Amino acid sequence: MYLRLAKRALLETDKRLVAKFAWLMGYKGLRSVVKHKSRLKRGEFFPPFLYISVINSCNLRCQGCWVDVSAKQEKIDVAAMDSLLNQAKAMGNSFFGILGGEPFMHADLLEIFERHQDAYFQVFTNGHFITDEVAKKLRKLGNVTPLISIEGTEIISDERRGRGGVYSKSMEGIENCTRNKLLTGVCTSLCQTNFDDLLQEKWLDRLIEMGVFYAWYHIYRIVGPEPNPQLALTPEQQYQARKFVVEMRCKKPIAIIDAYYDADGNALCPAATGFTHHISPYGDIEPCPVIQFAKESIYDERPLKEVFQESEFLRGFRELAATNTRGCIILERPDLLNDYARQHQAKDTTVRHAAYDELDHLQTSPSQYNPGREVPEKSWAYWLLKKFAFHDYGAYGRHFDLKNWRPTIKDGQAVNQPHPPLVQLETTPSKSSD
């Protein structure tokens, strides 16, 4: 399988792009993790990876979207991106996830990529704006991998994305990318309507035939103004998804990514471990894209290094999340998150100014944490990579106690209960360094 994957990388993609990926994302990306570990030993903090939502606008209206896509357009301009990226690169970072809205609606996006040839960018996109011309420009740049979202079969995908013709347009974007030999990925937010269709070997085989180099499976998150809880996966389905990913990594010549488990199959949250945080289109520094509360901004007068190091809000969030669950706190304990944000008088970073109210109305839901059903990595390559670069960095060892966890799963089934009234925090933010 590894030889077949290597052969695909050499024959189906531009070798120059493979080399840039290996250097910028591979070597420099791992080096950013080494620097992160060294900082933690000194009691310092700066996330080794950042996700940046560069614009709020989008041409689609997807079910469960948390972004104010219909609001007045707001974007991070070139000067602000230069400052943000340069400060992060000075800390050793080289990889940035680019989100929206729809990132390619940002008129200066390609210019930003061109100005930072020493960094690597993964763009989460619906693919509609990746014309053949845009794909050619991305190939010339060489430091971008498009990650195009496919949310089901044609009928299901169009329903999930809010209008007709979405599936065919996204597939056209994929074809433009692969025809121009880009390192192309396809991501799916697994939910009830696409679980049986896309969590299949035949879907991965089709992606391989199209020239797609990697697939990324997300789990649908119940958030936003219209959370659509009926789409959420059951605990058993989440377990099946994890098993499928682990098994296919040993079988198919396509890289398969998930973001919620370490090498031994233990659940984790990248925001709780400090692996990554999120920048909103308004410059707000949030724990992750779906938690829309902030106390700091990239436009603060302090250098970004000091903002991350001194943020009691972000530090306290990491401790709160790591103390109460190894899963997703917004799903399992929206009451604690609500209480914590109120205690810190955190800014609701949405244009709709409804984030607190939305948390009030969320019900407790199961996330990826299902103790006793861990599925360790079977692929030695993925196991080694995760052991080195994608683990909890000691966050759960310092904070998590199973006694603090309020189960959302009983006998393999979801315990779907309303959360209680706002309660006193079980932990309070520490002022000590990470």
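Before any of the text, the structure's been laid out above.
Position numbers for residues start from 1 in each chain and track the written sequence from start to end. Local features are withheld for residues below a pLDDT of 70 in this predicted model, meaning they are given only at 70 or higher, and side-chain atom pairs are given and counted only at 80 or more; totals for whole chains, interfaces and linings count all residues. The side-chain values count all of the structure's non-hydrogen atoms but skip hydrogen atoms and water molecules.

**Quick notes on helix α7 (residues 166–179)**
When the terminal C-alpha atoms of α7 are compared, their 20 Å separation across 14 residues agrees well with the 20 Å that a helix rising 1.5 Å per residue should span. Accessibility here uses a 1.4 Å probe with only protein chains present; expressed as a share of the type maximum, an area under 20% marks a residue as buried, one over 50% as exposed, and anything in between as partly exposed. Numbering goes from the N terminus for both helices and strands, where a helix is a DSSP run of H or I of at least four residues and a strand is a run of E of at least two. All of the buried residues along α7 are Val 166, Tyr 167, Ser 170, Met 171, Gly 173, Ile 174, Asn 176, Cys 177 and Thr 178. Buried residues belonging to α7 abut α5 (132–141), β4 (144–149), α6 (154–161), β5 (185–190) and α9 (201–210). The first or second residue beyond α7 is Lys 181, which carries a positive phi of 60°. What a helix should span is 1.5 Å times the count of its residues minus one. In what follows, residue pairs with any heavy atoms lying within 4.5 Å of each other are defined as contacts.

**Concerning the sheet that holds strand β2 (residues 95–99)**
If DSSP finds at least two bridges between two strands, the strands pair. The strand order across the open sheet built from 10 strands is β7-β6-β5-β4-β3-β2-β1-β8-β9-β11, with neighbouring strands paired in mixed fashion. Looking at strand neighbours, the two that pair on one side only are β7 (255–257) and β11 (296–297), the edges of this open sheet. Judged from the four bridges that link them, strand β1 (residues 49–53) and β2 form a sheet pairing that is parallel. Across the sheet, the residue bridging to Ile 52 is Ile 98, located in β2. Along the sheet, α7 contacts β4 and β5; its crossing angle with β4, the most-contacted strand, is approximately 155°. Note on geometry: axes are C-alpha line fits, over the in-contact stretch for helices, and angles between N-to-C directions span 0 to 180 degrees.

**Things to note about unusual backbone geometry**
The amide bond that connects Gly 100 to the next residue, Gly 101, takes the cis arrangement and shows omega of 5°. As for its placement among the helices and strands, Gly 101 is situated in the loop between β2 and α4 (109–115). Positioned with a positive phi, Tyr 393 is a non-glycine residue whose angle comes to about 50°. Looking at the element boundaries, Tyr 393 is found in the loop between α16 (380–389) and α17 (395–399). Assessed through its relative accessible area of 8%, Tyr 393 is described here as buried.

**Thoughts on the nonpolar core**
Side chains that are nonpolar tend, in soluble globular proteins, to be buried together. By nonpolar core is meant a set of buried Ala, Val, Leu, Ile, Met, Phe, Trp, Tyr and Cys residues that side-chain atoms within 4.5 Å join together. Ile 52, Ile 98 and Ile 330 are the most contacted members of the largest nonpolar core, which has 127 residues in total. With sequence-adjacent residues up to four places away left out, Ile 98 is seen in contact with Ile 52, Val 54, Met 81, Pro 103, Leu 109, Phe 113, Phe 121, Gln 122, Val 123 and Phe 124.

**Section: α6**
Within α6 the residues assigned to the buried category are Ile 156, Ser 157, Asp 158, Arg 160 and Arg 161. Two residues or fewer after α6 comes Gly 162, characterised by a positive phi angle close to 90°.

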